Amino acid sequence: MSEMEKQENAAAPKPKKVRPPRQPMPEQAPEDRARNFREVPYGYTPEMAMVEASRCLDCKKPKCVEGCPVHVDIPGFIRLIQQGKFVESAQHLKEQNALPAICGRVCPQEEQCESLCIIGIKNEPVAVGRLERFVADYERNAGAVAIPELPPATGKRIAVIGAGPAGLTAAGDLVRMGHAVTVFEALQEPGGVLIYGIPEFRLPKEIVKAEVDYLRKLGVEFVMDFVVGRNASIQELLTEEGYHAVFIGSGAGLPAFLGIPGENLVGVYSANEYLTRSNLMKSYLFPKYDTPPIRRQRVAVVGGGNVAMDAARTALRLGGDVHIVYRRAKEQMPARIEEIHHAEEEGVHMKLLTNPKRIIGDDQHRVTGIECIQMELGEPDASGRRRPVPVEGSEFVIEADTVVIAIGNNPNPLIPRSMPDLAVSRWGTILVDEETMASSVPGVFAAGDIVSGAATVISAMGQARTAAATINRYVRGEDIVFPSTKNN
Amino acid sequence: MIELTINGNSVHAEEGETLLKCALRHGIEIPHLCNHPSLPPYGACRICMVEVEGMRGFPTSCTTPAASGMVVRTDTPALQELRRNILGLMMLEHPSACLLCGRRDLCDEFRPQAEKVGRTTGCHTCNNKEVCEVRSLSEELGFSELPVPPLYHHRPIERSDPFIDRDLNLCILCGRCVRVCKHQHGTSIIEFVGRSSISRIGEAFGRTLLEADCRFCGSCVDVCPTGSLADRYAKWFGKAESTAETTCLFCDEGCALSLGIQQGKVVHAQAVDPDKPLCVLGRFAVAPFMNGFDRLSVPQLRVEDSLREVSWDEALAGAGEKLLPWKGETFALVFDSALPLEDKFYLKAFTEQVMQSPHALEAVPDSKGKAKVVLPHGVKAVLSLGSFIDPAEAEGLELLILQDVYPGALIEKASVVFPAAMFTEVAGTTVDASGTARPLFAATVPPGKARSDRQIVMDLAGAMHETVLSDLEEKLAASLKATGDPVLQCIRKTVPPAAADPSLRRDWFRGRYLPGLIGGLRSLEDGSSFEEKPAPLPSDNRDPAAPPQLFQIIRKREVAPNNHEIVFYAPSVAKKAQAGQFVIVMADEKSERVPYTLCDWDAEAGTITLVVQEKGRSSRKLALMQAGECAAHIVGPLGTPLDIQNFGTVALLGGCYGIGAHIANAKALKEAGNEVLIIMEARSHYLHYYLEELAAVADELIVTTIDGSNGIKGHAIDALLRRMQSGARIDRAITVGCPFMMMVASKETKETGLPMFAALNPIMLDGTGMCGACRVTVQGETKFACVDGPFFDAHQIDWDELKDRRNAYTDAELNSLLTTEPVAHAHHAHSGGCGCGRS
Ligand SMILES: Cc1cc2nc3c(=O)[nH]c(=O)nc-3n(C[C@H](O)[C@H](O)[C@H](O)COP(=O)(O)OP(=O)(O)OC[C@H]3O[C@@H](n4cnc5c(N)ncnc54)[C@H](O)[C@@H]3O)c2cc1C
Ligand code: SF4
Ligand code: SF4
Ligand code: FES
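Just so we're clear, the structure is a prediction, and the values are computed from it rather than from any experiment.

1. Re the overall build of chain B
- Across its full length, chain B carries 21 helices and 37 strands.
- Burial status across chain B gives 61% buried among its 839 residues.
- Pairs at least 24 apart in sequence give 65% of the contacts found in chain B among residues at least 6 apart.
- In the structure as shown, chain B presents an accessible area of about 31,200 Å², 51% of it carried by carbon and sulfur atoms.

2. A few points about the packing of helix 11 (residues 165–176) of chain A against helix 13 (residues 205–218) of chain A
Residue and element names in this part refer to chain A.
- Interhelical geometry of helix 11 versus helix 13 gives an angle of 25° and a closest axis separation of 10 Å. What the angle tells us is that helix 11 and helix 13 run roughly parallel. Seen along the crossing, helix 11 lies across helix 13 with a hand that is left-handed. Contact with helix 11, carried on its side by Leu 168, Gly 172, Val 175 and Arg 176, involves Val 212, Tyr 214, Leu 215 and Leu 218 of helix 13 and no other residues of that element.
- Of the residues in the contact of helix 11 with helix 13, the class split is six nonpolar, one polar and one charged.

3. Some points on the environment of Asn 291 of chain B
- Relative to the assigned elements, Asn 291 of chain B resides in the loop between helix 7 (280–290) and strand 12 (300–303).
- Within the structure, Asn 291 of chain B has its side chain in polar contact with the side chain of Tyr 233 of chain B (distance 3.2 Å).

4. Some remarks on the sheet that holds strand 24 (residues 563–569) of chain B
All names here are of chain B.
- One open sheet accounts for six strands, arranged 23-24-27-26-25-28; its pairing is antiparallel. The open sheet terminates on both sides in strands that have one partner only, identified here as strand 23 (553–560) and strand 28 (633–638). Mean inter-strand twist for the sheet, computed between neighbouring axes without regard to direction, equals 30°.
- The pairing of strand 24 with strand 27 (residues 607–613) spans seven bridges and is antiparallel. Residue Asn 563 lies in a different strand from strand 27, and its bridge partner there is Gln 613.

5. Overview of a nonpolar patch on the surface
- Residues Leu 57, Ile 118 and Ile 121 of chain A make up a contiguous nonpolar surface patch of roughly 290 Å² in combined accessible area.
- Take Leu 57 of chain A: it is sitting in the loop between helix 3 (46–53) and helix 4 (63–67).

6. A closer look at the site of ligand 2
- Around ligand 2, the neighbouring residues are His 94, Pro 95, Leu 99, Gly 122, Cys 123, Cys 126, Lys 129, Cys 132, Val 134, Arg 135, Thr 226 and Gly 227 of chain B.
- A class-by-class count of the residues in the shell around ligand 2 yields six nonpolar, four polar and two charged.

7. Observations concerning helix 16 (residues 306–317) of chain A
Residues and elements named next belong to chain A.
- Between its first and last C-alpha, helix 16 extends 16 Å over twelve residues, near the 16 Å set by a 1.5 Å rise per residue.
- Considered for burial, the residues of helix 16 that qualify are Ala 308, Met 309, Asp 310, Ala 311, Ala 312, Arg 313, Thr 314, Ala 315, Leu 316 and Arg 317.
- A positive backbone phi angle near 100° is found at Gly 319, which sits one or two residues after helix 16.

8. Comments concerning the interface of chain B and chain A
- Every contact between the two is made by 58 residues of chain B and, on the other side, 49 residues of chain A.
- Here chain B meets chain A over a buried area of about 4,300 Å², counting both sides, of which 51% is carbon and sulfur.
- Area buried by chain B at its contact with chain A is led by Lys 590, Met 770 and Arg 775 of chain B, which between them contribute 16% of it.
- Along the contact surface separating chain B from chain A lie four salt bridges.
- The salt bridge involving Lys 621 of chain B is made with Asp 290 of chain A; its shortest N-O contact spans 2.6 Å.
- Inspection of the region where chain B meets chain A yields 19 residue pairs in polar contact (both at pLDDT 80 or more).
- When residues of the side of chain B that touches chain A are traced back to their parent elements, those giving at least two are strand 13 (306–309), helix 15 (571–576), helix 16 (617–624), strand 28, strand 35 (775–778), strand 36 (781–784) and helix 21 (799–820) of chain B.
- For the side of chain B that touches chain A, the element with the most residues is helix 21 of chain B, which contributes eleven residues.
- Partitioned by chemical class, the residues of the side of chain B that touches chain A number 22 nonpolar, 16 polar and 20 charged.

9. What about the pairing of strand 2 (residues 9–13) of chain B?
- Note: strand 1 (residues 2–6) of chain B against strand 2 of chain B, five bridges, orientation antiparallel. Bridge assignment links Thr 5 of chain B to a residue of strand 2 of chain B, and that residue is Ser 10 of chain B.

10. A few points about the confidence of the model for chain A
- Overall, the prediction assigns chain A a mean pLDDT of 88, with 96% of residues at 70 or greater.
- Low pLDDT (under 50) marks residues 1–12 of chain A, which in the prediction has seven contacts with non-local residues, meaning those over four places away or in another chain.

11. Re the site of ligand 1
Residues and elements named next belong to chain A.
- Close contacts around ligand 1 come from 33 residues, with Val 106, Glu 185, Arg 202, Val 228 and Asp 449 the closest.
- Side-chain polar atom of Asn 306 to an oxygen atom of ligand 1: 3.5 Å apart, as the coordinates give it.
- Thr 456 places a main-chain nitrogen or oxygen 3.3 Å from an oxygen atom of ligand 1.
- Relative to its free-state accessible area of 990 Å², ligand 1 is covered by the protein chains to the extent of 95%.

12. Quick notes on the environment of Glu 393 of chain B
Residues and elements named next belong to chain B.
- Looking at the secondary structure, you find Glu 393 in helix 10 (residues 391–395).
- Assessed through its relative accessible area of 30%, Glu 393 is described here as partly exposed.
- Leave out the neighbours within four places in its chain, and Glu 393 touches Val 373, Val 374 and Leu 375.
- One polar contact links the side chain of Glu 393 to the main-chain amide nitrogen of Leu 375, over a distance of 3.5 Å.

13. Concerning empty space enclosed by the protein
Residues and elements named next belong to chain A.
- For the structure on display, the rule yields 16 cavities of 30 Å³ or more.
- What the largest cavity holds in volume is close to 130 Å³.
- Cys 56, Cys 59, Cys 64, Cys 117 and Val 126 are the residues nearest the centre of the largest cavity, which is lined by 16 residues in total.
- Those elements that place two or more of their residues in the lining of the largest cavity are helix 4 and helix 5 (74–82).
- A per-element tally of the lining of the largest cavity places helix 5 first, with three residues.
- Its residues assigned to classes, the lining of the largest cavity shows 14 nonpolar, no polar and two charged.

The rules behind the values
- Residues numbered from 1 in each chain as written.
- Chains lettered and ligands numbered in written order.
- Predicted model: local features only at pLDDT ≥ 70, side-chain atom pairs only at ≥ 80, totals over all residues.
- Heavy atoms only, no water.
- Helix = DSSP H or I, 4+ residues; strand = E, 2+ residues; numbered from the N terminus.
- Buried < 20%, exposed > 50% of the residue type's maximum accessible area, 1.4 Å probe, protein only.
- Contact = heavy atoms within 4.5 Å.
- Areas by Shrake-Rupley, 256 points an atom, 1.4 Å probe, with all protein chains shown as cover.
- Axes fitted to C-alpha atoms, helices over the stretch in contact; angles between N-to-C directions.
- Parallel < 35°, antiparallel > 145°, perpendicular 65-115°, else oblique.
- Left-handed = near helix turned anticlockwise from the far one by under 90°.
- Nonpolar A, V, L, I, M, F, W, Y, C, P; charged D, E, K, R; others polar.
- Polar contact = N/O pair within 3.5 Å; in protein donor to acceptor, adjacent residues only side chain to side chain.
- Pairing = 2+ DSSP bridges.
- Patch = residues over 30% accessible without salt bridge, like charges linked within 9 Å, V, L, I, M, F, W, Y side chains within 5 Å.
- Salt bridge = Lys/Arg side-chain N within 4 Å of Asp/Glu carboxyl O.
- Near = heavy atom within 4 Å.
- Expected span 1.5 Å × (residues − 1).
- Buried area = accessible area lost by both parts, 1.4 Å probe.
- pLDDT = per-residue confidence, 0-100.
- 1 Å grid on protein atoms, 1.4 Å probe; cavity = no way out; pocket = protein on both sides within 12 Å on 5 of 7 lines; lining within 4 Å.
- Points joined across faces, edges and corners; volume = space filled by probe spheres on them.

See below:
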C-alpha cells in the first residue's frame, strides 16, 4: 500500500472489515529467473488465495464480468474460493472459460476484468487473474479434473482447423454438445501460439499439454501434420470427408517485417522463428534436442508488444545482452504491463522512441548493427495518441549480432488462398458475422486471430465459443445466415 | 661434405641425407606423398621420382641417398607426366572428381568450408579439404584426367571407435598410418589387409581399434594425408584459425601440446614433437574437456537454499565475509598437484598469509591421479579447488567454498562457487617429468566469467581487504628464477608416458573421474563399444502382411553413396502430392524439421519416396533408420507445385538429391505435352542413380560427370549449353540440386534468354509461411521459399545472399558444438552430441 493510500484509508470512515492488501505474487527473483526457463511466478498458496478472495465485494452488478470477453462469473468463482471449495470453483469457472490455467497466466487482466473492479478505484483491484490461475492449477494438481458426462452423440462431424486457443475452445465446446470433432493442425504439437510462441517461463507447456489431453479424453480427435489447403481443402472436408461444418482457427501466423534494408541478413529473425526454435523445437535444451539454439552476445528486439517481450526475455535466458528497440514511449507499448516490468527487472534494456532505419551487415551478410533514428512525441493525432516523429539528424547505430523483428503478425493466407469464395478483408482476415462467427461460405465458421488479426488468447476463445454455439445450431438444422457480401 | 647438382643448382648434402630431404632443405620442391618428415623413408607412392644422370629409370628421391657429383633433375616434363599418371592411378580408388573439376576455384569461393556428410564423395564434403595434401599435389601437377572410370568400394564407414572415425573409401594406401604406429609403438595394430586392388588399411584381425588395444595417440590421424582418418570432435572444423603451443596439465608428465584454435576455443590438441605421441587425454580429451557444455562459467552464491548466479563482486564479497570468522587453523585450502606453479604459490600465500592457516593441502594423487584429502583435525572451513573431499566429510564442515571447473556432488554443500579457468586458458609455468620448467600459455578464452585460480584468490584477498598479497608478484618472479626455491616446492609424482603404456594413464583430474565426463574415455575404460546401428538391411524387414503404420518406412536403400532412398507410408501426402513439392520430416520427436523434395509417390499405396542425403544430426537419424521403423512426423505436400503447361521443349537439370526430384517433374511435363530433356550430373559414375527411371520418363536423357567417367565431362549446364549451341531449341529449363550447381546454371544462361527456374532450398522451420526462416530475395523482393517457392526465376535470385544464409547456419551449428556440447556425450556415438549427426 502506498503512503497516499494509507493516508486516504486513515481519513476515510473506518470500514467494518479491514480489507487486506492485494496479495503479491510470489515469484522467482529476477537474478535467478533471467537464467532459467522455469515459470516466473510460483502461484498463490491456498492461504494467499483465500485472503485475496476475501477482498472481493461480491458486487450485485459486477463490473469485472463486463470487462471479461467471455463473461466469466467472477464473483461466483471467487465466492467458492472464499469457502475453500477450490475444485468446485474451477469447475464453475470452466463453464465460461475452457482454459482458465492458461488465461490466468496470459490474459491482460489489467485492461479487462481488473480494470473495472470497484475496489480498483481507490485501491488495488482484486487479483482475478491470479485467482483464476490458482483454482485451475489446484484442480489439475489435485488430479481432480473430472471428465463430464457427454450428451448422446449427435452423429454430426465437425472439422476444426488449427489447434490454437480458438480451435481448442471450439473443439471442447462442440464435443461437449455431443458432436464428433476432429482438429487438424499443421505443426507437430497442438497449442498454436501457446506452444510455439509463448515461452515456457510464462506458460509451462505442461499446462497446454494437460488441456489437450483433457480434450482427447473427451473424445476430440487430433490430426497433426495436416495442413488444410494442402492436404485437403475446406471444400473437400465438407464434401468428400463428410464434415457437417468447418471451424477455422488458423491464427495470425504470417510474420510482418519492417521493410527496411538489410532485413534478410544472416542473424535477422522474425519473432516467430526465434520463438519457435526455442519453444516448439526446444532448442534451449540442445543438444538433447537437435535444433541448435541461437546463442548470441548482443540481441536487439524490434517492437513493443508481448511478442517482443517474450523474444527479449528468451534472448536473455540464452545468455545475451538484450535491447528492445521501440518507436514510441513506454506508456504506449502494447505489451502487458506485467511483461514489461518483468523484462526490465530481468535486465532487458529499453531503447524507446527509437526507430530502426536499416540493418547493417558485414561482407558475409552477417548482422553487425541497426541504424536507428531518435524519435520524439509530436502533436496528438485524431485518436489522441501523440505520434512519434523523427528528430532530424539523430541517427545512431546499436551494435547487434542478432536482430529479432517482433512488430506483429498478419493472418496466414494459406486457407483464404485455397478457397476463393471465402470473403476476406483487405488485411487478409476472414470476414464473419460477429454475432455468429459465420463466414461467407455456408457451413464455414471462423474465430480467433484469423478473424481479428493478432489479438489475444481470451478474445480468440470468446469468439470460438460464439462460433461453437452457432455451429451447434447450424448442424442441428437451424437457419444460419452466412453473410454473402463483403461487409465492412 | 657431399656436393651435387639439383636442377642446375649446386647444393651440399649431409652424410646419409636423402635426395628429397636435401632438395627440400634447399627450398627445391619435389612433390611427394607417402614420405612424412616424422617417418623413415618408404618409397611406396613413387611420386617423388627424379632423374639422376647415369642412373637407370627414375629413382625415388625419398629413398635415394645423396652422393657426390650426382646430377639430379626434379621437374622434367617426363617426370611431371609420370607423376600425373601415378596420381591418376591412385585417384582411381579415391573420390577424386573434385580434383578434376573445371569449376574448382569457383566452387572453393562459393563454399570454402566443407559440408558435413556421412560418406564423403568429393572434396567439397571432405573433412580434410582445407589441409589436404592430395588436393595441393593435384593442383601442383595440373592433374585433370583419369585413365579409366574410378572405383568406389562401398566400404562401411567405421564409426564404432571412440575418438577416431575411419572412412577407408578415401584411403590411398600410402601406409603412413601403419608406419607411424609401428614407429611409435614398436608394433602396428593397423596393417595392410588383403592384396592388390582390394587391399586396405585395417586392424589385422578385423577388429575395431578399441578391440585391438589401440592407445588412441592419434598419430595416424595426424599423418594421414587424406580424410580417411579423422578426429571425430575436430573433424568438421576445417583448418584451425590459429595454433598455439602450451603444456598439457592433465597429469604431471608435462607434454607439449599444439592447440588448434577457432574463435578462442581449442578445437584439437596434437603432439608438438611427432616422435613423442600424446596419450589419449592430451590428444583427444583436451578440446571436449575445455569446451564442455556444463563447465562452470558464472560465479554462484547460495541465497537461502539455492545457488544463484551473481557477479564476481557479489560472489567475492559473499565468500570474503563467510571466510573471515575462519582465519586460523580451522581453515584449509585443497588443490590438485596438476596446477601451474604460480597458482600453487598464490594458493599457499593466500592460505598462510590471508587465512593464517598452515593447511594449504596439495592433494596427493595415486598412480591413476586419484587424490583424496583427509582434512586435518579441527578444520571447519574449506576452499576446495576440486572434488577432493568426501561428500560425507563435507557434511561436517561449517563452510565450503568451491573453486572448480565442473559441477560435482560437492556443489550441493557449497556456499559459494567460483568458476575457474583451465590450463589452456592461463599463462604460467609447470615442471615436466624431467624436471624442466615448461611454459603455459593462455591460448584459449575461458568460458563465461571464469578466472584463473590465482586471480580468484587474489581477488578474494582484495575482497577481504587484505593487502598482504600485493607484492607477491615480485616474490614469485624472484623465486621462479631461483629453481628449487622452497616456496615453489611441489609434490612431483613422475608418471611414465601414458602414450606408451595406457595403464599409466591418469583417470582423475581435480578430483574428478575423467571417464565419467568424456564418453570416449569411458569406453576405453570398460571396453563398452560404440556399436552403431547395423547398416540398413537391403531387403524389406517389415512384415509385408501387416498394415503399414503412419510414417513407417516401407523400403529403404542407399541408391548412391550417402544418398538414401526412403519410401514412407504417408497417405495424406501421397494423395495430394504434385510435381515440385516437398515435405518436412522429423525423424523423431527431438529432431529438427528438415525439408525433403518429393521424388515420387503412389496415391493408391499411400507411399512417398524421398532421397535423403546424410548430413547433419537429423538426416543422420533418417539415414540410420531401417525399413519397418517410423518417422515421428511428416508434413506435406508443401510449396507451390511446379508450373506445368505445354512450353515446348523443357530441359531438366539435376544433381545430388535433385536427381530424384526430376522423375515427378518429367512425368508431369510430359503429360502436358512437352518434349522433356533430362540432364543429370554427378561427380562420378557411381554417384548417378535412377538413370533407368529417368530414361523411362524423358524423351532424352543426357548424363554428365565431373570426372568424365560417364557421359559428358562437366556439369549439367555444360551439356545444356552445348546442346543449345548446336542449334537445338530449348524453351525452358528447370534446375534442382545444390545451390552451387543451380547458381552456375543460372549465371551461365543469363545472357541466353533461356527462361530458367531453380528450386531453392534454404533452411526451413515450419514450411507453412509462419516463420520466415526461408526468406530469399528474388528480383529485389523478399519471398518465403516454403510457400512462394520452391521454384523461382533463376536469373533473379540473389545467390550470394542464399549462399551466406545457408553458410552462416552451418557456422552456428559448428560453434554451438564447441560451446554447448555436454562433455559427457562429446565422443559417444549414441549420444547425438558429437554433431556428426549420429543418433
Ligand atoms: C509470442 C506471443 C505472445 C503472446 N502473448 C499473449 C499474451 O500474453 N496474452 C494474450 O492474450 N495473447 C497473447 N498473444 C496472442 C495470442 O497468442 C493469440 O491471439 C492467440 O493465440 C490466437 O489464437 P488462435 O487460436 O486464433 O490462433 P493460433 O494460436 O495462432 O493458432 C493457430 C493454429 O492453426 C494452425 N494452422 C494455421 N494454418 C493452418 C492450416 N492451414 N491447416 C492446419 N492448421 C493450421 C497453426 O499451426 C496454429 O497452431 C501472443 C502471441 C504471440 C505470438
Ligand atoms: S582426401 Fe578429401 S579433400 Fe583430399 S582429395 Fe580426397 S576427397 Fe578431396
Ligand atoms: S588411411 Fe590415410 S595414412 Fe593410412 S594409408 Fe590411407 S591415406 Fe595413408
Ligand atoms: S519455413 Fe517458415 S516461413 Fe518458410
